[in-house]
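A structural walkthrough
Here's the letter readout for the chains.
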Amino acid sequence: MSKDLINKILITLGFIFLYRLLAYVPVPGVNLDVVKEFFDSNANNALGLVNMFSGNAVSRLSIISLGIMPYITASIIMELLAATFPALGKMKKERDGMQKYMQIIRYTTIVITLIQSIGVSVGLNSLTGHNGQGAISIDMNTFIAVSAISMLTGTMLLMWIGEQITQKGIGNGISLIIFAGIVSAIPHAIGGTIELVNNGQMNFLVVIAILIIIVATVGAIIYVELGERRVPVSYSRKVMMENQKKRVMNYIPIKVNLSGVIPAIFASAILMFPATVLQGSQNKYLVMVADYLSPHSYTFNVFMFLFVVFFAFFYASITFNAKDISENLKKQGGFIPGVRPGASTAEFLNEVASRLTFWGAIYMGLISTLPWLIVKAMGVPFYFGGVAVLIVVQVAIDTMRKIEAQQYMNKYQTLSAVGL
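Every chain begins its residue count from 1, and numbering advances along the sequence as written. Where local features are concerned, this predicted model is filtered to residues with pLDDT of at least 70; where side-chain atom pairs are given and counted, the filter is 80 or more; whole-chain, interface and lining totals use all residues. Water and hydrogen atoms were dropped before computing side-chain values, which therefore reflect all heavy atoms in the structure.

In the annotation of an unreviewed UniProt entry, the chain is listed under the name Protein translocase subunit SecY and assigned to Arcobacter caeni. UniProt positions are given in the numbering used here, feature names are shortened, and annotations may be inferred rather than shown by experiment. If you open the UniProt record of the chain and go to Sequence similarities (unreviewed entry), you find "Belongs to the SecY/SEC61-alpha family." One UniProt comment on the chain, placed under Subunit (unreviewed entry), says "Component of the Sec protein translocase complex. Heterotrimer consisting of SecY, SecE and SecG subunits. The heterotrimers can form oligomers, although 1 heterotrimer is thought to be able to translocate proteins. Interacts with the ribosome. Interacts with SecDF, and other proteins may be involved. Interacts with SecA."

Below you can see the structure in the form of C-alpha cells.
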C-alpha cells in the first residue's frame, strides 16, 4: 500500500471511531436506566431495528440517536423530486447546481431532524420505569429545547463525518456509518445468543442452522454483487492504432445490481419512520398499525420486498445513463457489434440494464426478507433480517473495490513516473 492509501484508511478509521464515541454521549436531562429498560423490552420490534442501525445509540439516547436516517430521508425526497421535476434534475447534473442541490438536502435534513427530535422528546415524557421513575429529570419545555439542539447537532456531526469520509477517506461515508453501527451490535448479538443457549431457550442445532443461513446469505450476496454482463465493444482501426500503447477496454461492464446498497437503506428508512413514531401511541387503531409494521410481521416484510424492488429500479434508472454511454462510445470511435451507434446503442443498453435490474431487484428483495422467513419458521426468539447482512456485505465489497482501485491507480502512476 502507498502512503496516500494508508492515510486515507487511517482517516476513515479515525472518523468511524469518532462516530462510535458520539454514540456514548447522552442527551442531557435523561434517566438512562428508564430508557434502557424500555428498549430492552422492545428489542424485537421496530425500535430494536432502529437501535441496531444506530449502533445502540438509541438505547443510550445519545446525541446521535436519530442517526443518519434524517439525511437519508431528505435524500429520498430530493431524488423523487429530481425525477419528477426536470429543472431540479438538470440542476443536479451541473457542478454549481449540485452544490445547491446538496444544500437543499442539508436544510431538509435540519427540518426532519427537528421534527423527529421534538417527537422523541414528547414521547419520553410519558415513559416511566418499573419503579415509577420518569425518563426526563428536568423541566419538560427545557428538555424539548435541549434535546432538539443536541440531536440536531449529533445528526449534523454525522452528516459532516460522512462527507469527510467520502472526500478524504475510502468508501461512501454514509454507508460506512450505517455499516459501523450494524457491526458494532454483532458482539452483543453473539453474547445474547450464547446466553439463550445456556438458558435452554435455544437449541444448539438451531444456532448451527442460523450460521448456515448467514453463510449462505453472504455467499449469495457476494456471488451476485460480483456478477456483471460484459457488452462487447469494437473500435475502428484508426482508434486502435492511436491507442495501441494504451489499455482500451473492449467491453462495457453492467452490474447485475446497478443500485448497490441504496434500495435496502431507503426501504429501511421509510418503514422504520412510521413504525417508530407509532410505537408509543395508546390509540388501538394506531397500535394495530404499529403491529403490522413490526419487523416480526409478514406485512413489514411484504412492504420491505416491494420497497426494495421499487428503489432498485428507481435508483438504477438514475445511476445508469445509457444515452451518455452511447454518446461517449461514439466519440471514441467505438460501437457494439450488430448495433448501430447513437440512439440504437442507447436503446440496446437500456434493454440490457432493465433485464439485469429486474433480476437484481428480485434478488435484493429476497435477500431482504427470505432469511427472516426461514428464521421465523425455525422459532428463533429474536429478529434476524437479511437487510443488515445485505448492507454489511455490500459496503464491505464496495470499500474493498475502492481500495483495490486506489492501489492500481498508484501502480500506474509509479510506472508512468518510471517511464518518464
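Labels follow the DSSP assignment, with helices taken as runs of H or I lasting at least four residues and strands as runs of E lasting at least two, numbered in each case from the N terminus. Take the number of residues in a helix, subtract one, and multiply by 1.5 Å to get its expected span. For helix H10 (residues 204–225), with 22 residues, the first-to-last C-alpha span of 32 Å sits near the 32 Å given by 1.5 Å per residue. Of all the residues in H10, the buried ones are Val-206, Val-207, Ile-210, Ile-213, Thr-217, Ile-221, Val-224 and Glu-225. Axial view of H10: buried residues confined to an arc of 130°, hence all on one face. Relative to its buried face, H10 has exposed residues pointing more than 90 degrees away, namely Phe-204, Leu-205, Ile-212, Val-215 and Tyr-223. Relative accessibility thresholds used throughout: buried, under 20% of the residue-type maximum; exposed, over 50%; partly exposed, between the two (1.4 Å probe, protein chains only). Summarising the geometry, the arc corresponds to the directions from the helix axis toward the C-beta atoms.

Salt bridges are defined by distance alone: a side-chain nitrogen of Lys or Arg within 4 Å of a carboxyl oxygen of Asp or Glu. Following the criterion strictly, the structure yields four salt bridges and no others. Its salt-bridge partner being Glu-351, residue Arg-355 comes within 3.0 Å of it at the nearest N-O pair. On the criterion of helical spacing, the pair formed by Arg-355 and Glu-351 is a turn pair, its members being four residues apart in helix H16 (residues 343–377). With relative accessibility at 42%, the residue Arg-355 sits in the partly exposed group. Its relative accessible area of 45% is what places Glu-351 among the partly exposed residues.

Centre distance within 6.5 Å is the pairing criterion for rings of Phe, Tyr and Trp, where only the six-membered ring of Trp is used; planes under 30 degrees apart are then read as stacked, over 60 as edge-to-face, and the remainder as tilted. For the structure on display, the rule yields eight aromatic pairs. Arranged with centres 5.5 Å apart and planes meeting at 80°, the rings of Phe-15 and Trp-160 form a pair that is edge-to-face. Taken together, the residues Phe-15 in helix H1 (residues 3–22) and Trp-160 in helix H7 (residues 140–168) connect sequence positions 145 residues apart. Take Phe-15: its relative accessible area is 15%, and that puts it in the buried class. Here Phe-303 and Phe-307 contribute two aromatic rings whose centre-to-centre distance is 6.3 Å and whose plane-to-plane angle is 25°, an arrangement assigned as stacked. Taken as a pair, Phe-303 and Phe-307 lie in helix H14 (residues 298–319) at a separation of four residues, close to a single helical turn.

Side-chain atoms within 4.5 Å link the members of a nonpolar core, which is a set of buried Ala, Val, Leu, Ile, Met, Phe, Trp, Tyr and Cys residues. With 91 residues, the main nonpolar core has Ile-72 and Ile-391 as its most contacted residues. Tallying contributions element by element places helix H17 (residues 386–419) first for this core, with nine residues. Mapping this core onto the domain boundaries places at least three of its residues in each of domain 1 (1–183) and domain 2 (203–419). Among the nonpolar cores identified, the runner-up in size contains five residues, and Leu-196, Met-202, Val-206 and Val-207 belong to it. Residue ranges for the domains trace back to a domain assignment, done automatically or taken from a database.

Next up on the list: the packing of helix H6 (residues 95–125) against H7. The contact between H6 and H7 brings their axes to 8 Å, and the two run at 140°. When the axes of H6 and H7 are compared, the pair comes out oblique. Of the two elements, H6 crosses H7, and the hand of that crossing is right-handed. Of the residues in H7, those touching H6 at Arg-106, Thr-109, Ile-110, Thr-113, Leu-114, Ser-117, Ile-118, Val-120, Ser-121, Val-122, Leu-124 and Asn-125 are Met-140, Phe-143, Ile-144, Ser-147, Ala-148, Met-151, Leu-152, Thr-155, Met-156, Met-159 and Glu-163. Throughout this entry, Asp, Glu, Lys and Arg are counted as charged residues, while Ala, Val, Leu, Ile, Met, Phe, Trp, Tyr, Cys and Pro are counted as nonpolar. The remaining residues, Gly among them, count as polar. Residue composition of the contact of H6 with H7, grouped by class: 14 nonpolar, seven polar and two charged. Here an angle of 0 to 180 degrees is reported between the N-to-C directions of two axes, which are lines fitted to C-alpha atoms, with helices fitted over the stretch in contact. Our angle categories are set so that under 35 degrees counts as roughly parallel, over 145 as roughly antiparallel, 65 to 115 as roughly perpendicular, and the remainder as oblique. Rotating anticlockwise by less than a right angle from the far helix to the near helix defines a left-handed crossing, while the corresponding clockwise rotation defines a right-handed one. Contacts are assigned to residue pairs that have any heavy atoms within 4.5 Å of one another.

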